[in-house]
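Coordinate inspection notes
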Amino acid sequence: MENKQTSILILDDEPIVSKRLKPSLEKKGYEVEAFTTSAAALARVRERQFDIVVTDLKMEGVDGMQFLTEVKEKYPDTEVIVITGFATMATAKESFNKGVFDFLAKPFKLGEIAEVIAKAEKKIKGTK
Amino acid sequence: MQSFLQQIRGIFNRKKKETVPFKILFAEFKKSLELNNQVLDIIADANDKLSGDYIFDEQYIQSTCMELTDLIRQLIVTINHLTEQKYSELYTSFHLIEEEIESLLQGQMLNQVKDLILPYASVTRDLTDSVGGKNAHIAEIGTLTDLRIPEGFAITTAAFLFFLQENELYDWIFTIRKQWRQKVIPVEEASQKIQRAILDATVPPQLEEVILDAAAQISKGYRDIVPCFAVRSSALGEDEISSFAGQYLSCLNIPVKEIPQAYKEVVASLFSPEAMEYRLQMDFRPHEIMMAVACQLMVPAKASGVMYTYDPVRPEMETMIINSAWGLGEPIVAGEVPTDAFVLDRQPPNDVREMQIVRKDQSMVLRGCGGIGIDGVEEEQRTESSLTKRQLQELARIGVRLERYFKRPQDIEFAVDQQERVIVLQSRQLRLQHERAPRACDLTGLGDKYSIIFRGRGIAAMEGIATGEAWVMREGGDLKDFPMGGILVARHATPQLARVINRATGFITDVGSTTGHLATVAREFRVPALFNTENGTELIRHGQEITLDTECLTVYEGIVQELQYYSIQEEPIEEMYEYRLLRRVLKKIEPLNLTDPEADNFTPRGCRTYHDLTRFVHEKAVETIIDLNFYHAHNRDTQAGRLVWDYPLDLILIDVGGGIEGEHEKGIRPEQITSVPMRALLRGMSYPGMWDMSPAGVDFSSFMSSLTRTTSVRSTSPEDVGRNLAVVSAEYTNINFRLGYHFTVIDAYVSDNILDNHIYFRFSGGVTETTRRARRTRLLGRILSHYDFLCEMHGDIVVARLKRTDRERMLQRLFLLGLLVGFTRQLDVKMVSEEMITTFFNEIKTIMEKENGK
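Structural notes, computed from the coordinates. (Residues numbered from 1 in each chain as written. Chains lettered and ligands numbered in written order. Predicted model: local features only at pLDDT ≥ 70, side-chain atom pairs only at ≥ 80, totals over all residues.)

A short note on unusual backbone geometry
With an omega of -5°, the peptide bond running from K106 of chain A to P107 of chain A counts as cis. Among the structural elements, P107 of chain A can be located in the loop between β5 (102-105) and β6 (108-109). In the segment running from P348 of chain B into P349 of chain B, the intervening peptide bond is cis, with an omega of 5°. Along the chain, P349 of chain B falls in the loop between β9 (340-345) and β10 (352-356). The backbone of Q85 of chain B sits at a positive phi, close to 65°, despite the residue not being glycine. Tracing the backbone shows Q85 of chain B in the loop between α3 (58-82) and α4 (89-105). For L553 of chain B, which is not a glycine, the phi torsion comes out positive at approximately 50°. Looking at the element boundaries, L553 of chain B is found in the loop between β21 (545-549) and β22 (554-557). Here L553 of chain B falls in the partly exposed class, since 18 other C-beta atoms lie within 10 Å of it. (Helix = DSSP H or I, 4+ residues; strand = E, 2+ residues; numbered from the N terminus. Buried ≥ 20, exposed ≤ 12 C-beta atoms within 10 Å, placed from the backbone.)

Rendered as structure tokens:
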């Protein structure tokens, strides 16, 4: 595990999110795959596990909440980070109940999400 | 806040009048202030999002606009409540702006100008939708760099629509286009029909007149020759998609009179079969099919050519490529003639690495009476290099310059005129071969390869990567000496540094705010900026080469090639739709046009942005409160009077209960004021020497009179007086000062109950930013924080809050605010150097210690 690159899946239906986030995280040494539809992302997580999943909540088709629920059921040790433009206490609470690692309200800074991801990575490495 | 407002309200319940009770007016007034502050804070935050440091989506832009629209609506409702609907016209301006923002959000292309033509001097990047990319690019180069471009003007997309509509062609063209799309007719037939109709149409006289006028205006400067023009396409989307290049027509050496005819030909080329097919592939929507046209003074070129600032196939070679030949550039661009080829080092002194001089028998030249021809080249010139060594060097500098400015490798067309000067004709992004692009994942572990000066320090005011020579600004250092392409390293992010924006490739400061003026300018010019590094000026050596990566908050020693390549490949954020959208909507929100309350445009109809509306409402709210309670004395439940004291501060006091004692027909003397917070403030404001603390030779009385009006009550009408207002009660004070262009708001409640006590202080500067203002902001921040205030700074707005502090300390702090109010108005004049911050800070501290024994 030590030498393996940490893998991250990003799901957000607004392309700008992946477009900005993917190169920024790759530059920091992560292996990143980005999706703008939950169907495609879902298909991908059925194929393989990611160490970290970054997902929006509100999207067309499969809802982000459903998506992260499935991810957590399938891979309990994948850390999920929720990013959303509609941050309410209720959604935050529900996310945490599902075992979400952290919750970020959009817009956020590149540095902020990098910090959260680094924390999640530390947790993963610490448990393995 | 709520509880004590209620207390104030309680005071008024004793009297009932048919006029609106003051408590209601005052509640509305305070509401307008609160809304005003919210609006300005949201605007400052939205601008911050342009730094590239944030990830935001369309949703954010939508909700921010919605929120602002809602607040502005409330503001207008509020001011109309206050004034019995006196400013209902504000709704008209508001709806106009709201609609414009709405249509931007819905992705509609805005014809931002109604002008049919625009001289290059007035064309900016924001007008790309009106003038097309080619015009916008070249005009921007001319305005914002010192490079030479041909004189010229743009015939706008508004003119295009006007031309087609006057000839009843617009809808017709799209009917024909539809027939083609539905495969009723082939593309050739559709194209031919449309092109013929355009060529047969008449340029409306109104359009013809402005075109001929603009051309004549430029021609005036040339007495010896009859100037002719190049009439070129500048279609929407033409510049962004490079394979579009060459699809449309350029007409060369056109005499002024023939420009309208050439205009029609260029417009017709928008509907060539190739262009129509191409747009179909690119999924252009009908409203995106528009042709603006460039009219540029013809350069009688001795030689012409094309420069690539990188070798597109082998960018790692670090070379620039130049091809040139004698005469006009058209056959060179079209690849029709043999050209001299030069390969130059990208790094100064830009040595020529390779040079291939070919035999050039013919060249394209201008004919005297208009038109062009092919001539034989003079025998001795045929084998001579078409560019001199000096010109090659100049081209290299121009290339680096444009590349740094546009942040991408450039493909530049140029001409050398008869005086041997290099003139830039066009510059657009050069696409490098993709498989050569370094990938982001190759960039890990740079820290092992390069030595890091610091990492993880500061905040990015503008995202990006910069490489260059560090120029560390010392006290007394002269920005004149700042080198081209340098990275400016300074203690503070002062607006004054913006002077070098055209020369700098990066900014690094020890201290600075991402919402300040320099940050805004850095974003406008896309210069990477890292602020708040704490001690960057100590860690970075003057003159050393460095690489700045703001995303990783890292500065490397030397030039990190990997990052340099990466940065030129990366899609710059301004090429993202959301970024452009935010920028566009902010143009309808942020600029302040109403700067002077005495000016003619300071009217509801003069409001063109949300900021204007906010500013107008604030001014009128203060004015109304003074007017109703002092001049017209509608409200019997208040007492009002003008402060009479030794300092010429024109202040109207409105007492809502127990704030003033005794008779006040002839004005209120300071000793009559019983309002506890107001007394403390006035004691500070009138502290000996505060009005004139430094020996700077400012004429005190004229200085003060520029800030406040000193006319007497009786000789003046309410409209003529400064808007300084204090609403007071025994334990409460709310102050609104407008001093020159500065606004100060103080809201304070002081009682024996610690839990109820609060002070709110808000200070905002005017429109024009100066270094001294920035210093003033920092001085205020330093002093206020020192005395326990919680401070926030947005640009040059300072907001300070203090709560739950005992009575004695609250009064000391109010005394301090009084000192600052008396004193800060002078600071614009006196903050002549950075040291003044410490000097003034110490002086204030001394006074505080002396007065308060601590």
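Text resumes after the structure shown.
Some remarks on the sheet that holds strand β1 (residues 7-11) of chain A
Residue and element names in this part refer to chain A. Taken in spatial order, the 5 strands of this open sheet run β2-β1-β3-β4-β5, and their pairing is parallel. Both outer strands of the open sheet, β2 (31-35) and β5, are each paired with one neighbouring strand and no more. Between one strand axis and the next, the sheet turns by 15° as a mean value, whatever way the strands run. Alignment of β1 against strand β3 (residues 52-56), held across 4 bridges, turns out to be parallel. Its bridge partner lying in β3, L11 is registered against T55. The sheet contacts of helix α1 (residues 15-27) involve β1 and β2, and relative to β2 the element is tilted by about 175°. Of the strands in this sheet, β1 and β2 are in contact with helix α2 (residues 38-47), which crosses β1 at around 155°. (Pairing = 2+ DSSP bridges. Axes fitted to C-alpha atoms, helices over the stretch in contact; angles between N-to-C directions. Contact = placed C-beta atoms within 7 Å.)

Considerations on the interface of chain B and chain A
With 17 residues of chain B at the contact, the number on the chain A side is 18 residues. Those elements that provide at least two residues to the side of chain B that touches chain A are β1 (54-55) and α3 of chain B. No other element matches α3 of chain B, which puts 3 residues into the side of chain B that touches chain A. Residue classes in the side of chain B that touches chain A are distributed as 8 nonpolar, 2 polar and 7 charged. Across 2 bridges, β6 of chain A lies against β1 of chain B in antiparallel orientation. From the neighbouring strand, F108 of chain A faces β1 of chain B, where its bridge partner is I55 of chain B. (Nonpolar A, V, L, I, M, F, W, Y, C, P; charged D, E, K, R; others polar.)

Let's talk about the nonpolar core
Side chains that are nonpolar tend, in soluble globular proteins, to be buried together. Residues and elements named next belong to chain B. Of all hydrophobic cores here, the largest spans 97 residues; its most connected members are L613, L653 and L814. The residue makeup of this core includes at least three contributed by each of domain 1 (2-13 + 636-852) and domain 2 (22-110 + 586-606). Leave out the neighbours within four places in its chain, and L653 touches A640, G641, L643, I660, I668, A726 and V728. Counting residues in each nonpolar core, the second largest holds 91 residues, with F160, C228, A301 and F342 among its members. (Core = buried A, V, L, I, M, F, W, Y, C linked by C-beta atoms within 7 Å. Domains from an automatic or database assignment.)

Regarding the sheet that holds strand β16 (residues 459-462) of chain B
Residues and elements named next belong to chain B. Taken in spatial order, the 8 strands of this open sheet run β15-β22-β21-β17-β18-β19-β20-β16, and their pairing is mixed. If you trace the sheet from one side to the other, it starts and ends with β15 (452-455) and β16, each paired once. Averaged over all pairs of adjacent strands, the angle between strand axes in this sheet comes to 30°, irrespective of strand direction. When strand β19 (residues 506-511) meets strand β20 (residues 529-531), the two strands line up parallel, connected through 2 bridges. Within β20, the residue paired with F507 across the bridge is A529. Along the sheet, helix α15 (residues 517-524) contacts β16, β19 and β20; its crossing angle with β16, the most-contacted strand, is approximately 55°.

Focus on α15 of chain B
Residue and element names in this part refer to chain B. Counting buried positions along α15 yields 7 of 8 residues, so the element is predominantly enclosed. Where α15 is buried, its residues contact α2 (22-48), β16, β19 and β20. Looking at the residues trailing α15, positive phi occurs at R526, about 55°.

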